[in-house]
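So the chains spell out like this:
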Amino acid sequence: MDSVASLQLVIPEIVLSLAGLALLLVAAWAGDKASRAISVAACVALGAAFFLVAPSVCAGAAGPDTSAFFGQFRADAFAGFAKLMIFAASGAVLVIAPTYFERLGAMRAEFPVLVLFAALGMSVMVSATDLMTLYIGLELNSLSAYVLAAFLRSDSRSAEAGLKYFVLGALASGILLFGMSLTYGFAGTTSFAGIRASLDGGLSMGALFGLVFVLAGLAFKISAVPFHMWTPDVYEGAPTPVTAFFASAPKVAALALTARVSLDAFGTEVDAWRQIVIFAALASIVVGALGAIGQSNIKRLLAYSSINNVGFILIGLACATQAGASAMLVYLAIYVAMTIGSFVAVLMLKDENGAPLEAISDLAGLSRTRPALAWALMALMFSLAGIPPLFGFWGKFVVFQAAVEADLIVLAAIGIAASVIGAFYYIKIVKVMFFDEPAGTAHGKSDWAHWVLLAICAAAVSPLGYLLNQVLGSLADGAAATLFLTA
Amino acid sequence: MGGFPILSVLLLVPMAGAIACLFSPANTARQIALAATLINFALSIMLWAQFDIGGPQWQFTERAEVFAGFSYALGIDGIALLLIVLSTFLMPICILASQSIEKRVGEYMAAFLFMETLMIGVFAAQDIFLFYIMFEAGLIPMYLIIGVWGGADRIYASYKFFLYTLLGSVLMLIAMLWMVNEAGTTDIPTLMAYDFPAGAQTWLWLAFFASFAVKMPMWPVHTWLPDAHVQAPTAGSVILAGVLLKMGGYGFIRFSLPMFPEASAQFAWLVYALSMIAVVATSLIALVQHDMKKLIAYSSVAHMAIVTVGLFAFNVQGLEGGMMVMLGHGLVSGALFLCVGVIYDRLHTREIERYGGLSINMPHYALFFMLFTMASVGLPGTSNFVGEFLALAGIYQVSTWVTLVCTTGIILGAAYMLYLYARVAFGVQKHPDAAAMPDLNVREYVMLAPLAAAVLWMGVYPESFLAPMRADIRALEARLARAAPEGDSHLTAGRPAAAAAAAAAHEGEH
């Protein structure tokens, strides 16, 4: 494996890092007044990376040709699929962020640069086939994320969110590092392929502890129960565009990473981690659903909703089959559309002064004051609840199908029954918007960029989405297959 | 089946109408909705006319592989045909009954038209997942109809409706996934002929039962129904009672019975027990209601119990009777809710006490109400008589005790319906405001007259309705024959032997 070939495989990452560095210089020289231009340039860079990755996904790139830097990095279709979602979500966040920050006078030129670096970190995460690469990607993403959470420096809630995220994130990184070091100690290597080979004979107690700690660290990143405590606070405190970012792209990256670690590095030890994943899945579904019921802030509610959704995605992982991995990817793709759409809709809620509204009671009677927004949000809510004919149903469908095929029928039955609890608070939002008298607080017009994004997301979750499921399914199948080729 | 995809058009017309209604002002939306539902009714009459009785079991089949994981496959047999015709027949009447809606008319009509698409989709789906999607999607428009346009307690009722039915249905999805994984196909006709292992059938049957029993609804999971009925607007109640409840019965006929014959026989006692309790208990509850809609809602539960015992009688009479009760009840309960709606529009109360002596000032209304009351009681010559008689004749062959208990339902039904009618239409005019109500107007005539005609038609000449489904019922009975329980009534045919002997003797003389 010569370095030219390796470099060719990381062209999307090189584009992102060069763009990030160049834009950082522009930001330093031109200052905050150039922030819109920098946002546009960052979007272009993400778009370029998107189209550089796309061919490998369509072709189902797999095998040793996709491995770069002596097995530390793998640009296969699985990573590519996750990268497409990450880049798309990051780009969407860059589109919605400037309006929000400019009203507060807080738009800094660093914002798009930080998003770019976070996207780069995530891109490295999903391609990591070595514990070292994994950690570098994870930290690059996390450090950018801590700053993003605290981006509204003058707002104490945002500062609190940043600090909370940082302290707990650092703790989780420590747990992850501890697990990695144990794994390294007992496997004698940091590469996934090496770990897999050395664990094949059986799992020693030390390696098992390593596995548990690695999964615990990753569970923090995907905010799976019982490592979810930070999520509502950070989601509520962080600026809304940043929350939209946290709920979408890093979730994709961390879940894809978790899938690769579990199925590749620990792929021969399915019985060892399956029970952990099953517990985390069911606990996330139930806690996410129950926790959301009492919420009065829509961002907190969406935080619990994301915990709930992670639970369903983990059911796909618990299958430990190719169909399960494919179902995870399909679910993630739909989840990203639903999440971005919901947060865009939340961003479009403003009072007459243009100040953002976050209380669920502010949604009251929205169907009469702003019908288009209310209908789009209703579609997103029913979709998140997994009610057909909205496309969110399809995500749950493929996950449960994979679980049934993997003979995890009890898990599927409990999971789907618990999804009814979640339906309660989603239909509560619909009730507030459609059944209640208008609160009269939501006013104003939204700019076209928000409408376009919302329309795209709403169309994707509408029944029209089913027309995509053939394409989505075959791409996800191809991507998931590459994960099992390494076995 | 010709090039004209009539089932797709049936789905498409209300869908297009719904989208148009969303963007239309009130009066235009009313007209669009009426036009769309009438077109659909005309199309379904065409469907009925073109249906080849005695032809292939599945007709008007369409198939398009536009989705991954399931296919867009439509097709109907006689059973589905009649339920589709029932739906499209009730829809224009519902739209007419909704003229008193003033609030957000466009959205209201859109919700109803969307509902129509989904109802037809449920009955026409030939792919098990397409069925599930249509079946579950119906929750959304109904939730909105109850919640936005319902009565005072509408929010509680809409939550209860939504969550109750959703919880009932989700396990069915897991069962469907298992079945498809086992049988390797999502095609309903193929699955209907597939023999699942008897051990698995038990679980699958229970998962399906949870869904259909809630939808039906069977005692004790019927409690969402009175709330939903009472709070829903009139047209919502009509659709709920007329068509949505039939989805449960359709589910039993299409899925539970043919796909799991052994489990159906194994659990027949459960169905009988719940049905017997339902017939007696909900009839008694209906007897003490003060709210007209609630009374009719409880009577629906009792009638649906007759359907379930009929279906689980495992013989032709029972199955035909179950279907006929479903069709008859769809017409009659819909008509009764319309009758309630007519006087509710005038006096804005459903309290039985607030009316009285309506036959004096509203003679035409009293006549229609009388007809539908008698039909609900099961008077010979009306639709429900045929169905109830057949269903009870069917179950008699299996269990005389079940028949005995269920037959009390007819007596109790007569009690609560006649008591209701006496309090509303007869007696003295206690309340001056009720006495001042005008009789039916033209619109209400147009709503009630077709229903009255259909009720009488079904009662006097049921053959029109029995003929299309006869072959399908026979096929179902043949499928069930291997598991059918042995009856306790030991029926023996009469004594044709004497006649035969006489004939033989007669022959011998020559």
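This structure is a prediction, so every number in the text was calculated from the model and none was measured. (Residues numbered from 1 in each chain as written. Chains lettered and ligands numbered in written order. Predicted model: local features only at pLDDT ≥ 70, side-chain atom pairs only at ≥ 80, totals over all residues.)

(A) The arrangement of the overall build of chain A in detail. When helices and strands are tallied, chain A shows 20 helices and 2 strands. With respect to the principal axes defined by its C-alpha atoms, chain A has extents near 65 × 55 × 40 Å. When each of the 487 residues of chain A is scored for burial, the buried share is 62%. For chain A, long-range pairs separated by at least 24 residues make up 80% of all intrachain contacts whose partners lie at least 6 apart in sequence. (Helix = DSSP H or I, 4+ residues; strand = E, 2+ residues; numbered from the N terminus. Buried ≥ 20, exposed ≤ 12 C-beta atoms within 10 Å, placed from the backbone. Contact = placed C-beta atoms within 7 Å.)

(B) Main features of helix H13 (residues 298-319) of chain A. Residue and element names in this part refer to chain A. Taking 1.5 Å per residue, 22 residues should reach 32 Å; H13 reaches 32 Å between its end C-alpha atoms and fits that length. Of all 22 residues making up H13, 22 are buried, and the element is well covered by its neighbours. Backbone geometry just downstream of H13 places alanine 320 in the positive-phi region, at approximately 55°. (Expected span 1.5 Å × (residues − 1).)

(C) Representation of the environment of phenylalanine 397 of chain A. Residue position: phenylalanine 397 of chain A is located in helix H17 (residues 392-405). It is 9.7 Å that separates the C-alpha atoms of phenylalanine 397 of chain A and isoleucine 416 of chain A, two residues lying 19 residues apart in sequence.

(D) Looking closely at the packing of helix H17 (residues 363-377) of chain B against helix H21 (residues 442-460) of chain B. All names here are of chain B. Across the interface, H17 lies against H21 with an axial gap of 11 Å and an inter-helix angle of 35°. In the crossing of H17 with H21, the sense of the turn from one axis to the other is left-handed. For the pair H17 and H21, contact is made by Phe368, Leu371, Phe372 and Ala375 and by Leu448, Ala452 and Val455, respectively. (Axes fitted to C-alpha atoms, helices over the stretch in contact; angles between N-to-C directions. Left-handed = near helix turned anticlockwise from the far one by under 90°.)

(E) Region of the structure containing the environment of leucine 295 of chain B. Residue and element names in this part refer to chain B. Mapped onto the elements, leucine 295 comes out in helix H14 (residues 292-311). Distance in space between the C-alpha atoms of leucine 295 and valine 230 is 9.5 Å, their sequence separation being 65 residues. Leaving out residues up to four positions away in the same chain, leucine 295 has contacts with Ala286, Gln289, Tyr416 and Leu420.

(F) Representation of the interface of chain B and chain A in the model. Contact with chain B, which involves 26 residues of that partner, is made by 26 residues of chain A. Within the residue set of the side of chain B that touches chain A, elements represented by two or more residues are helix H5 (128-137), helix H6 (139-149) and helix H7 (154-183) of chain B. Examining the composition of the side of chain B that touches chain A, we find that 13 residues originate from one element, H7 of chain B, more than from any other. Classifying every residue of the side of chain B that touches chain A gives 22 nonpolar, 3 polar and 1 charged. (Nonpolar A, V, L, I, M, F, W, Y, C, P; charged D, E, K, R; others polar.)

(G) Seen up close, the confidence of the model for chain B. In the predicted model, chain B carries a mean pLDDT of 88, and the fraction of residues at 70 or more is 96%. The ipTM for the predicted assembly is 0.91, set against a pTM of 0.92. (pLDDT = per-residue confidence, 0-100.)

(H) Just the confidence of the model for chain A, in detail. The pLDDT averaged across chain A works out to 90; a share of 99% of its residues lies at or above 70. Averaged pLDDT values for the elements of chain A fall to 85 in helix H15 (residues 366-369) of chain A and rise to 94 in helix H5 (residues 110-127) of chain A.

(I) Local environment of unusual backbone geometry. In this chain, proline 388 of chain A is followed by proline 389 of chain A through a cis amide linkage whose omega measures 10°. Mapping proline 389 of chain A onto the fold places it in the loop between helix H16 (371-385) and H17. Proline 217 of chain B follows methionine 216 of chain B through a cis peptide bond whose omega is -10°. The topology assignment puts proline 217 of chain B in the loop between helix H9 (198-215) and helix H10 (224-231). The backbone of arginine 104 of chain B sits at a positive phi, close to 50°, despite the residue not being glycine. For histidine 348 of chain B, which is not a glycine, the phi torsion comes out positive at approximately 55°.

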